[in-house]
Amino acid sequence: MPPSSDRFSLKQARELLASRSIEKVVVLGANGTMGYGSAALFTQAVPQVTFLARTKAKAEEGLGAAIKLVRSPTVASRAKVGDYEHDFEAAVAEADLVFEALTEDFDVKKDMFDRVEKARRDDGIIATVTSGLSINQLCQGRSDSFRKNFLGLHFFNPPNVIVGTELIAGKDTDPGLVEFIEVFGRVRLGREMIRSADTPAFAGNRVGFKVLNEAAQLAERLGPVLVDRLIGPYTGRALTPLATIDLVGWDIHRAIVDNVHQNTNDEAHETHKLPDYMDKLMERGVLGNKTGRGFFWKDDEKVIHVLDPVSGNYKPQDEVKLPNLDYIDRVAALHRDARYPEAMQVFLAAEGDEADIARKVIAGYISYAFHRVGEVTETIDGIDRIMGLGFNWAPPSVLVDTIGVAATVDMIDQAGLPVPENLAEAARTGEPKIFFDNPHINVGRFFVAG
Amino acid sequence: MAAGSDVYVLGGYMTDFARNWTKENKHFSALMRESVLGALEKCDIAPEEIESAHVGNFAAELYCMQGHLGAFFTEAHPAFSGLPTARHEAACASGSIAILVASAEIEAGRYDLQAVVGIEQMKTVSAAEGGAFLGTAAWYEQEAEGIEFPFPKLFGKLGDEYDKRYGLKDEYLAEISKINYANAKLNPNAQTRTWYMNKEHALCRTDDNPSVGGRIRISDCSQVTDGAVTVFLASREYAEKYAKGMGKKLADIPRIKGWGHNTARLKFDDKVAESHHAEYVLPHVRSTLTSAWKRAGVSGPEDIDVIETHDCFTTSEYMAIDHFGITKPGESWKAVEEGWLEIDGKHPINPSGGLIGAGHPVGATGVRQLLDCYKQVVGEAGAFQVEGAKNAQTLNIGGTGTTSCSFVVGR
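A.B. asks: Would you mind going over the overall build of chain B in detail, with residue names and values included?
C.D. replies: From N to C terminus, chain B includes 16 helices and 12 strands. In terms of overall dimensions, chain B is globule-like: its C-alpha atoms have a radius of gyration of 20 Å, near the 22 Å expected for 411 residues. Counting only C-alpha atoms and orienting by the principal axes, one finds that chain B spans roughly 55 × 45 × 40 Å. Looking at chain B residue by residue over its 411 residues, the buried ones come to 61%. The long-range fraction of contacts in chain B, counting pairs at least 24 apart against all pairs at least 6 apart in sequence, stands at 77%.

Here it is, written out as structure tokens:
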């Protein structure tokens, strides 16, 4: 049953779906981007979705945004709106699922869960969309029934478009509930469900923001244009890394990498450290697209201006001089004809400092992802699917298969990075022959010829 | 009438119809290459085994500024250098025409193993420009020139003709759209599988779901899609060898049991004028289906377990229902009302999601239908499997029911 997770047979999926029902959902923080986006998604499958916010007017704003997002009048027909003061208790009391999408602040969420705990039904599910706060800590000290029914349901923005979704159980979450939500998400909401462990930033952001932050670190020396060219579409992504940070927002980027940097100590620890220039520029209001200034901004004449991270000044992109990057054009030309393995051979063989830097980032991505297996997901498949369908990046295993495992091991080694044991073994033994074995995902889609 | 065919279907591969190859900055050659190489891998066939190859495509010259499509096989794999190739066009029925020609070559004893690709890359242009290109499937100068989105309007007229002859409530069209979208959610290659869609949205007949041509609203339309599908067709001799190699029996390999193919006048009004006193609104479509049954040695819809039909618009599926003989002429609404069209219904139609839900890369559609019928009769359709399907049938039409093709596939 699609999307592609095959954890359950069709029969099991049907039985799980029949095991309980979600007819009424309450979304807390329904005026925020993740709040109204998730609420919109829920209206596809749930007959009653209540948008709650600080004021009714704000909840209505959220509903308006949800209707605009999915362009369906049925959102309104399934939605109710209300505020925390007047409508909270009644709505939560009848909810099968309370979905928390407040700001990423532990205490704000905790205070709201105090109220939820008092108002909720004993069998009501509570889910949080947090992108990295600990699920276990968020429900610490609460009743057995709360902890049993509490889990993380991490949609990516915008939830109606990005199908990759992380499902995070706490240590006391009812395993049957986790299975039900996995199938509900997959079948009713059409999402690709990935089970992630309750670790800082979970699986997707842990691996993804490592690469993004490394790009931000490199930008200080190389400048944003060169970095986005080097870690560009040809390396297996639709959107370049620094443009992604601008889209996500610098403050969100900081929250995620700070969380990982403070709460983990892995082999790539230094790559999680936010560059100082970003901290300084954020004080001046540089937060990415939402403030109109990030690594890039576009003026009224559609001229793109680029940040100089050292001075904090901008200059037109046309004035940025780049070194010879012909190899990228050759790689892209081969992608354009779907000759992906040949393209990656050109990438591997490219000479010069720039190509070395690009290979180091890609090798780092693969090495880091494979080293996280057993920590953030059970198998590499979970990381592969969230990177592929959450970030729209070539999953690590797809890169290994396309580059070839022996060449991948060499690339990681030459970059001075630790070689994951199972890749080393595959290079020695020739088994497994492929790492990405998912018939439902076309691997070619990840290699953008740009 | 020629006898039933002895052409075997060894399987194939379709690209993910949700992909936008222009956004990936890919050339037509990439779409073809992924489809062909994907099929060779899926079916475990060495490229050297292929003896001849055909491409079904409608308008690559317009969408991609590219002709001479058969030659792209040689770009897909070096082993195809020297392969006999050809390209075939009959608007939305192009894929089926390629299958027919490949089948005929097998039956003539020329070749034992054929690759057939149906392909269209459509997202290279704006919706309006693409709509005009599609207008060339009608009589362009007389039916499409200067008209924005001519085809929804022409298929709106098909609905109007039903309304005039028998009465037609739009709610039945909406229900057809709903079933196709719901089925698409079960199909991992369907274009709309992750789209926001529910019953109310499909049934909405207000300005939120605007008209694009008379009674045809957005949710009544098939999609603009990039996609390619490759299938392998084989002679009995090759199929026997293939089955043995796969540890199977010949009886496990589906066969094209029967086919139908004919052409009506180009203009919609001429077709309808001709059928004024006939039992069916589009008699040529009907005779395509009945001739496929005759060649296959089956008596009618009661012997067909699953149908993949051409729902370029909900009105074309509405037309197909009575033309397939599922109801009496003009009573297609009954099949909708009784729930016969659902995957577990009496006459499942488009478990794949059809052109509305799975997508409609024009030249690929006939081949996609054949591949989905193959999957059904070998039990490989996954979540959209019709339990115990033995015989499956396609209906692929070009223009306003101008070229009609149908295949009965079974074991």
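A.B. asks: Tell me about the interface of chain B and chain A, and please be specific about residues and values.
C.D. replies: Tallying the contact residues gives 26 residues for chain B and 24 residues for chain A. When the residues that make up the side of chain B that touches chain A are grouped by side-chain class, the tally is 7 nonpolar, 9 polar and 10 charged.

A.B. asks: Describe the environment of N198 of chain B, naming the residues involved and giving the relevant values.
C.D. replies: Along the chain, N198 of chain B turns up in the loop between α8 (170–184) and α9 (199–203). The exposure class assigned to N198 of chain B is buried, which follows from the 21 C-beta atoms found within 10 Å. In the structure, N198 of chain B is positioned 134 residues away from S332 of chain B in sequence and 23 Å away in space, judged by C-alpha atoms. The contact partners of N198 of chain B, leaving out residues within four places of it in the chain, are Q44 and T74 of chain A.

A.B. asks: So what's going on with the domain arrangement of chain B? Which residues, and what values?
C.D. replies: How big an interface is tends to be reported as the loss of accessible area on association of its parts. Residues and elements named next belong to chain B. Segmentation of chain B into domains returns domain 1 (7–125 + 225–252) and domain 2 (149–218 + 257–403). For domain 1 and domain 2, the distance between their C-alpha centres works out to 24 Å. In this assembly, 32 residues from domain 1 lie in contact with 27 residues from domain 2. Of the residues forming the side of domain 1 that touches domain 2, the biggest block, 6 residues, is contributed by helix α4 (residues 94–107).

A.B. asks: Would you mind going over the nonpolar core in detail, with residue names and values included?
C.D. replies: In this structure, V27 and F51 of chain A are the most contacted members of the largest nonpolar core, which totals 264 residues. Not counting residues within four places of it along the chain, the set of residues in contact with F51 of chain A comprises V27, A30, A39, A59, G62, L63, A79 and V81 of chain A.

A.B. asks: For unusual backbone geometry, give the residues involved together with the corresponding values.
C.D. replies: All names here are of chain A. Residue P158 follows N157 across a cis peptide bond; omega there is -5°. Within the fold, P158 resides in the loop between β6 (150–155) and β7 (164–169). P432 follows E431 through a cis peptide bond whose omega is -5°. Examined against the element boundaries, P432 turns out to sit in the segment after α21 (421–429). Phi at K302 is positive, roughly 65°, even though this residue is not glycine. Tracing the backbone through its elements, the reader meets K302 in the loop between β9 (296–298) and β10 (304–307). Its identity is not glycine, yet N392 carries a phi of approximately 60°, on the positive side. When you line up the elements, N392 lands in the loop between α18 (380–389) and α19 (396–403). What makes N392 partly exposed here is the crowd of 19 C-beta atoms within 10 Å.

A.B. asks: Account for the environment of G135 of chain B, naming residues and giving values.
C.D. replies: All names here are of chain B. Mapping G135 onto the fold places it in the loop between α5 (127–134) and α6 (140–144). Among the residues examined, G135 registers 21 C-beta atoms within 10 Å and is labelled buried. Note: C-alpha distance between G135 and T225 (90 residues apart in sequence) is 16 Å.

A.B. asks: Give me the lowdown on the sheet that holds strand β11 (residues 314–316) of chain A, citing residues and values where you can.
C.D. replies: Residue and element names in this part refer to chain A. Taken together, the 3 strands give an open sheet; going across it, the order is β9-β10-β11, and neighbouring strands pair in antiparallel fashion. A single partner strand is all that each edge strand has here, and the edge strands are β9 and β11. On average, each strand axis in the sheet is inclined to that of its neighbour by 30°, with strand direction left out of account.

A.B. asks: Go over the packing of α8 of chain B against helix α13 (residues 314–323) of chain B, please, and point to the residues and values.
C.D. replies: A pair of packed helices is captured by two measures, namely the crossing angle of their axes and the spacing between those axes. Residues and elements named next belong to chain B. The geometry of α8 relative to α13 is characterised by a closest axis approach of 9 Å and an angle of 95° between their N-to-C directions. As far as their axial angle goes, α13 and α8 are roughly perpendicular. Of the residues in α13, those in contact with Y172, L173, I176 and S177 of α8 are T314, T315, E317 and Y318. Class assignment of the residues belonging to the contact of α8 with α13 gives a composition of 4 nonpolar, 3 polar and 1 charged.

A.B. asks: For the sheet that holds strand β2 (residues 48–53) of chain A, give the residues involved together with the corresponding values.
C.D. replies: The strands making up a sheet are joined through hydrogen bonds of the backbone, oriented either antiparallel or parallel. Residue and element names in this part refer to chain A. Overall, mixed pairing links the 8 strands, which are arranged β3-β2-β1-β4-β5-β6-β7-β8 in an open sheet. Looking along the sheet, the strands with just one partner apiece sit at the ends: β3 (79–83) and β8 (192–196). Each adjacent strand pair in this sheet contributes to an overall mean axis angle of 25°, direction not counted. In this structure, β6 lies alongside β7, joined through 5 bridges in antiparallel fashion. If you follow G152 over to β7, its bridge partner there is I168. Sheet contacts for helix α3 (residues 56–70): β2 and β3; angle to β3, the most-contacted strand, approximately 150°. Most of the contacts of helix α6 (residues 106–119) go to strand β4 (residues 97–100), to which it runs at about 165°, and overall it touches β1 (24–28), β4 and β5 (125–128).

A.B. asks: Please set out helix α20 (residues 405–414) of chain A residue by residue, giving values where relevant.
C.D. replies: All names here are of chain A. Every buried residue belonging to α20 is among V405, T408, V409, M411 and I412, and all of these are buried. All buried residues of α20 fall inside an arc of 160° around its axis, so they share one side. Of the surrounding elements, those touching the buried residues of α20 are α16 (340–349), α17 (353–371), α19 and α21. Among the residues trailing α20, G416 stands out with phi positive, at a value near 75°.

A.B. asks: Run through the domain arrangement of chain A, naming residues and quoting values.
C.D. replies: Residues and elements named next belong to chain A. Here chain A is described as being made up of domain 1 (10–196) and domain 2 (204–446). For domain 1 and domain 2, the distance between their C-alpha centroids amounts to 31 Å. Each side of the interface is counted separately: domain 1 has 12 residues, and domain 2 has 13 residues. Those elements that provide at least two residues to the side of domain 1 that touches domain 2 are β7 and β8. For the side of domain 1 that touches domain 2, the residue count by class is 4 nonpolar, 4 polar and 4 charged.

A.B. asks: Give a description of the environment of E129 of chain B that names residues and reports values.
C.D. replies: Residue and element names in this part refer to chain B. Mapped onto the elements, E129 comes out in helix α5. The exposure class assigned to E129 is exposed, which follows from the 12 C-beta atoms found within 10 Å. Placed 98 residues apart in sequence, E129 and L31 show a C-alpha to C-alpha distance of 21 Å.

Here is what the cut-offs are and how they apply
- The numbers attached to residues start from 1 for each chain and follow its sequence in the written order.
- Written order determines the labels here, with chains lettered from A and ligands numbered from 1.
- Where totals are concerned, whole chains, interfaces and linings use all residues; where local detail is concerned, this predicted model gives features only for residues with pLDDT of at least 70, and gives and counts side-chain atom pairs only at 80 or more.
- Helix numbering and strand numbering both begin at the N terminus, where a helix is a DSSP run of H or I of at least 4 residues and a strand a DSSP run of E of at least 2.
- Each radius of gyration reported is based on C-alpha atoms, and the globular scaling rule is 2.2 Å times the count of residues to the power 0.38.
- Backbone-placed C-beta atoms define the burial measure: a residue is buried with 20 or more other C-beta atoms within 10 Å of its own, exposed with 12 or fewer, and partly exposed in between.
- C-beta atoms are placed from the backbone for every residue, and two residues are taken to be in contact when these atoms lie within 7 Å.
- Amino acids outside the nonpolar list (Ala, Val, Leu, Ile, Met, Phe, Trp, Tyr, Cys, Pro) and the charged list (Asp, Glu, Lys, Arg) are all regarded as polar, and Gly is one of them.
- As annotated, the domain borders come from an automatic or database domain assignment.
- Each nonpolar core consists of buried Ala, Val, Leu, Ile, Met, Phe, Trp, Tyr and Cys residues. Their C-beta atoms, within 7 Å, join them into a set.
- DSSP bridges decide pairing: two strands pair if at least two such bridges lie between them.
- Here an axis means a line fitted to C-alpha atoms, over the contact stretch when the element is a helix, while the angle between two N-to-C directions is reported on a 0 to 180 degree scale.
- Each angle is binned into one of four classes, with values under 35 degrees roughly parallel, values over 145 roughly antiparallel, values of 65 to 115 roughly perpendicular, and all other values oblique.
- For this quantity, the arc is that covered by the directions from the helix axis to the C-beta atoms.

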